[in-house]
Amino acid sequence: MNLGQDLITITQRPDTVFSAGQGAWLTDENGKQYLDLVQGWAVNSLGHSPALITQALLRQSQQLLNPSPAYYNRPLLDLAERLVALSCFDRVFLASSGAEANEGAVKLARRWGSRMRAGAHEIIGFEQAFHGRTLAMMSASGKPGWSELYPPMPGGFAKARLNDLASVERAMTPRTVAVMIELVQGEAGVVVADPGFVRELRALTAERRVLLIADEVQTGIGRCGTAFAYEQFGVEPDLMTLAKGLGGGVPLAALLCKESFNCFEPGDQGGTFCGNPLMAAVGLAVVDEVCREDFLAGVHQRAAQLSAGLRALVREHGLVGERGLGLLRALVLPSERAGEVVAAAQALAPVGLLLNAPRPHLLRLMPALNISAAEVDEGLALLHRALREVLG
Ligand SMILES: *Cc1c(COP(=O)(O)O)cnc(C)c1O
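Figured I'd write up the structure that's included with this text.

What counts, and at which threshold
Residues numbered from 1 in each chain as written. Predicted model: local features only at pLDDT ≥ 70, side-chain atom pairs only at ≥ 80, totals over all residues. Heavy atoms only, no water. Helix = DSSP H or I, 4+ residues; strand = E, 2+ residues; numbered from the N terminus. Expected span 1.5 Å × (residues − 1). Buried < 20%, exposed > 50% of the residue type's maximum accessible area, 1.4 Å probe, protein only. Arc of directions from axis to C-beta. Contact = heavy atoms within 4.5 Å. Polar contact = N/O pair within 3.5 Å; in protein donor to acceptor, adjacent residues only side chain to side chain. Pairing = 2+ DSSP bridges. Near = heavy atom within 4 Å. Nonpolar A, V, L, I, M, F, W, Y, C, P; charged D, E, K, R; others polar.

### Quick notes on helix 3 (residues 74–86)
Then step 1. In this model, helix 3 (13 residues) spans 18 Å end to end at C-alpha, consistent with the 18 Å of a helix rising 1.5 Å per residue.
Then step 2. Within helix 3, burial applies to Pro75, Leu79, Ala80 and Leu83. Each buried residue of helix 3 lies within a common arc of 130 degrees when the element is viewed along its axis, so the set occupies one face. Helix 3 presents Arg74, Glu81 and Ala85 as exposed residues on the side facing more than 90 degrees away from its buried surface.
Then step 3. Looking at the packing, one finds that the buried side of helix 3 touches helix 2 (51–63), strand 4 (91–95), strand 11 (239–242), strand 12 (253–257) and helix 8 (277–290).
Then step 4. Between the side-chain oxygen of the N-cap and the backbone nitrogen of leucine 76 there are 2.9 Å, and the N-cap of helix 3 in question is asparagine 73.

Structure (structure tokens):
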């Protein structure tokens, strides 16, 4: 039997079928357990099947599943209120995926540009950036090769280099309406933007009446140790998108904007599942848990522990280094063997370790934000064994 023979091929997966998850742990159909440092790509902020989420799902599914996006529902209003209270933004649009939220940000910026900036519509993004997989978001992303994958691609997306303000100035034209940035480039390999650059970028965009869009799909909702990563860069973006950790495992995303950019007319934007109460109820439970000060203090502690442990592995195995912000971290290898380390880690016995390699020379670690100190230590010990197997 070839696993997945009925599926349209989209990626290479290991020959494992996962059947259960609890906290930091996944179990496969053979009963083997794995410590999971992938967590759905930084999605499961509270780990696998946390009671908080299963209860919110049960409660809301019995109460009201889907009244229609044409009507208000209470979880939609409550989650929007909570996100506004926590952030520098005034308005919220809920969606189902990061790419969809980012598309909404581009639409809102272009709407504003058509009204306030004489039709300015170009968006500047950054090389290596990742904003999702719709056609327009592939154009907005800076992944090499993506602009040629499905021609013709949507236009109006220019590229600059992260931490290079002159490259942003060169890309700006009178038609530029926004700059879109990941404050920590996740897919690119956990590349943290230089705070000085981000502040200069904020000043430049404000001066030119160009919007600053923060794609916090991966960095938002506690992942980096604060509710939103922008808080650590000393700037306020004009628009922000969230997804991944916001839903804690269910498809939920958000676009947030300041009041002055709240310029959609009724009918300009929407979607069948936008503001769905089932997902919004989960988002509300996640935000209330993760964005508490004591919870975020725990994220800082685990991040410091993980970072120190990774630095020890760097010394022990002669690696290049470790980096990151909060519990979004990367380990840089001296050679392009990250895929081998991922496979070796999964194959460890009696328990395996799940890792992610977004680049051939780099491992990305995105544990649950409530991972315990003992589980971090166990993960580091398993990683040590996998590195020894591959690198000797
Ligand atoms: C994952 C991700 C996206 C895309 O989110 P989807 O939910 O997969 O559409 C966009 N931006 C960033 C920074 C991401 O990490």
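### Brief notes about the pairing of strand 1 (residues 18–22)
Then step 1. Where strand 1 and strand 2 (residues 25–28) come together, four bridges link them in antiparallel fashion. Along strand 2, the bridge assignment pairs phenylalanine 18 with aspartate 28.
Then step 2. The hairpin formed by strand 1 and strand 2 contains two residues between the paired strands, and glycine 23 there has a positive phi angle of roughly 60 degrees.

### Some details on the site of the ligand
Then step 1. The immediate surroundings of the ligand are formed by Ser97, Gly98, Ala99, Asn102, Phe130, His131, Gly132, Glu182, Asp215, Val217, Gln218 and Lys244.
Then step 2. At 2.8 Å from an oxygen atom of the ligand is found a main-chain nitrogen or oxygen belonging to alanine 99.
Then step 3. With respect to the ligand, the side chain of lysine 244 contributes an N or O atom lying 2.7 Å from an oxygen atom.
Then step 4. Here the shell around the ligand is composed, by residue class, of three nonpolar, six polar and three charged.

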